[in-house]
Amino acid sequence: MSDTPFGFGLPPEEPDDGDEGKKKDQQSGGGQGPANPFGFGGLPGAGGFGGPGADNPFAAMFGSLNPSDLGAAFQQLGQMLSYEGGPVNWDMAKQIARQTVSQGTADGTKDASIGPAERTAVEEAVRLADLWLDDATSLPSGAGSAVAWSRAEWVEATLPAWKELVDPVAERVGTAMGDVLPEEMQAMAGPLIGMMRSMGGAMFGTQIGQAVGVLAGEVVGSTDIGLPLGPAGKAALLPVNIETFGKDLGVPKEEVRLYLALREAAHQRLFAHVPWLRSHLFGAVDGYARGIKVDTAKLEDVVGQFDPQNPEQLQDALQQGMFQPEDTPEQKAALARLETALALVEGWVDAVVHAAAKPRLSSADALRETLRRRRASGGPAEQTFATLIGLELRPRRLRDASRLWASLTDARGVDGRDALWAHPDMLPTATDLDDPDGFVHREQIDFSELDKMLGEAASGSTGKPDLKKDDKSKDDDKGDGTE
């Protein structure tokens, strides 16, 4: 997990041209303070994002702009300071995520539009994967369609889900910014607080946009972090990233694509036919966010010394660990609930996909191990999730969950295993993941008897006489009258 609890302070990047870049920055007036304090990556009219002046947007605006660019720069700054939306400036997040994607990944791979051949290959892979999964799970297909996305398309399609995940955390920070001053001073400091919140929204938008843009260069589908990030019922794969993923595995590209299609299609089945699961997972994130504790003393000190001409101090404060989860039973329970639910989702997918792929793909074991190692080493999905939300999935939980689902299949069959998704109270708990065998061999509750009793109770409310009750009443009337 990152040193900063929520990753809101990404470290500034070194200029590509080393010392020469630093000299240029100093000449433009950017030698004071940390480079690129908000990570805005440059402003339109200042050489574009990532262009000249990108390391210090303020220096770029006031030190190197020609007159024709000055208006555009001030317009961008005005938009940043006048933002009055939610806790995150999502327009800025989208803009920066797309720009990050367009710059390509560290290995030099660029994004590209998806051609007809790639779309057809993905559609056929998902269709075949669904056929194989029919033998491995009782849950029917959940993919109404299959699509091949570019990295930019993945950003566009998943931003609504990121908004739902990140806003609760950012809301806590925004509220803290407005609450640190005494009530009698808040009216006087209104413009200052408003400006801080606007810059805070821009800052969060920048950091999230950068993180999502980097993640877009690594994910292979819409469910890599165990959450449904894309539209419901749409199985999505990213051909450019699948090519990179399978590059050095020594496995035919078709098998890599098919194995990843199995994982995507399995996730789609689970989220489509377990209607409470999505809200359960996102609700657990929200519950965890509500337990975030803000170091108000440190924030008060920042607000008291805030200098509008030195806005990077807000970024510095965030980097100093101002926000921590509360060490309370409620917060620990929220964390355990979320980690366990995500582990159960990923473990079920791992077990089901292995059962479907093992008899049909010679590379099934190798691909499974590759994905497990990627996850165990803190793969890109887990890293980004930890950065944005402040959580890190524990690989041990995922392995335990996979073993538990496989044992359930052996003991109860496919139908008995999948029936546990009927209600969250039926699922294994964190304690059960510590003792999978104990859960598997525990006596099962016969819910069919409970349904029968409830049905009989419902029919009894229609006015039909209860003969047993009537007979008992008559016997009571024949008694001696004592109670």
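Reading the values: rules and limits
Residue positions are counted from 1 within each chain, in the order its sequence is given. Thresholds applied to this predicted model are a pLDDT of at least 70 for local features of residues and 80 or more for the giving and counting of side-chain atom pairs; totals over whole chains, interfaces and linings are not thresholded and use all residues. The basis for every side-chain value is the complete set of heavy atoms in the structure, and neither hydrogens nor water enter the calculation. Helix and strand assignments follow DSSP, with helices taken as H or I runs no shorter than four residues and strands as E runs no shorter than two, numbered in order from the N terminus. Each residue is placed in one exposure class: buried if its accessible area under a 1.4 Å probe, protein chains only, is under 20% of its type's maximum, exposed if it is over 50%, and partly exposed if it falls in between. In what follows, a contact means two residues having at least one pair of non-hydrogen atoms within 4.5 Å. With residues, only the protein chains shown are counted as cover, and all accessible areas are computed by Shrake-Rupley using a 1.4 Å probe. Working definition: a ring pair exists when centres of Phe, Tyr or Trp rings (six-membered ring for Trp) sit within 6.5 Å. Plane angles under 30 degrees give stacked, over 60 give edge-to-face, the rest tilted. In the sections that follow, a salt bridge refers to a side-chain nitrogen of Lys or Arg positioned within 4 Å of a carboxyl oxygen of Asp or Glu. Given a helix with a known number of residues, its expected span is that number minus one, times 1.5 Å.

Caption draft 1: The overall build of the protein chain, seen in detail. Counting its regular elements, the protein chain contains 21 helices and four strands. Every one of the 483 residues in the protein chain was classed for burial, and the buried ones make up 50%. Considering only contacts in the protein chain between residues 6 or more positions apart, those separated by 24 or more positions represent 78%. Carbon and sulfur atoms make up 51% of the accessible area of the protein chain, which totals about 23,400 Å².

Caption draft 2: The arrangement of the packing of aromatic side chains in detail. Counted under the stated rule, the structure contains three aromatic pairs. Pairing tryptophan 348 with tryptophan 421 gives two aromatic rings, centres 6.5 Å apart and planes at 90°, and the pair type is edge-to-face. Here tryptophan 348, found in helix α14 (residues 329-357), pairs with tryptophan 421, found in the loop between α17 (395-418) and α18 (430-434); they are 73 residues apart in sequence, far enough to count as distant. The residues tryptophan 348 and tryptophan 421 share a single accessibility class, namely buried.

Caption draft 3: Highlighting the pattern of salt bridges. All chains considered together, the criterion is met by 17 salt bridges. Residue arginine 98 is joined to glutamate 156 by a salt bridge in which the shortest nitrogen-to-oxygen separation is 2.9 Å. Pair noted here: arginine 98 is in helix α4 (residues 90-102) and glutamate 156 is in helix α6 (residues 151-179), with a separation of 58 residues, a long-range link. With its nearest N and O atoms 3.0 Å apart, the salt bridge here joins lysine 163 to aspartate 167. Of this pair, lysine 163 and aspartate 167 both sit in helix α6, separated by four residues, roughly a single helical turn. By relative accessible area, lysine 163 is classed as partly exposed at 40%. Residue class for aspartate 167 comes out buried when judged on its relative accessible area of 14%. In the salt-bridge network here, residues are joined through shared partners; they are Arg397, Asp400, Arg403 and Asp434.

Caption draft 4: Seen up close, helix α10 (residues 253-273). Given a rise of 1.5 Å per residue, 21 residues ought to cover 30 Å, and the 30 Å separating the end C-alpha atoms of α10 matches this to within 8%. In terms of burial, α10 is a largely internal element, 17 of the 21 residues being buried.

Caption draft 5: Up close: the side chain of aspartate 432. In this structure, aspartate 432 sits in helix α18. Judged by relative accessible area, which is 7%, aspartate 432 ranks as buried. Once residues lying within four places of it in the same chain are set aside, the contact partners of aspartate 432 are Leu404, Phe439 and Arg442.

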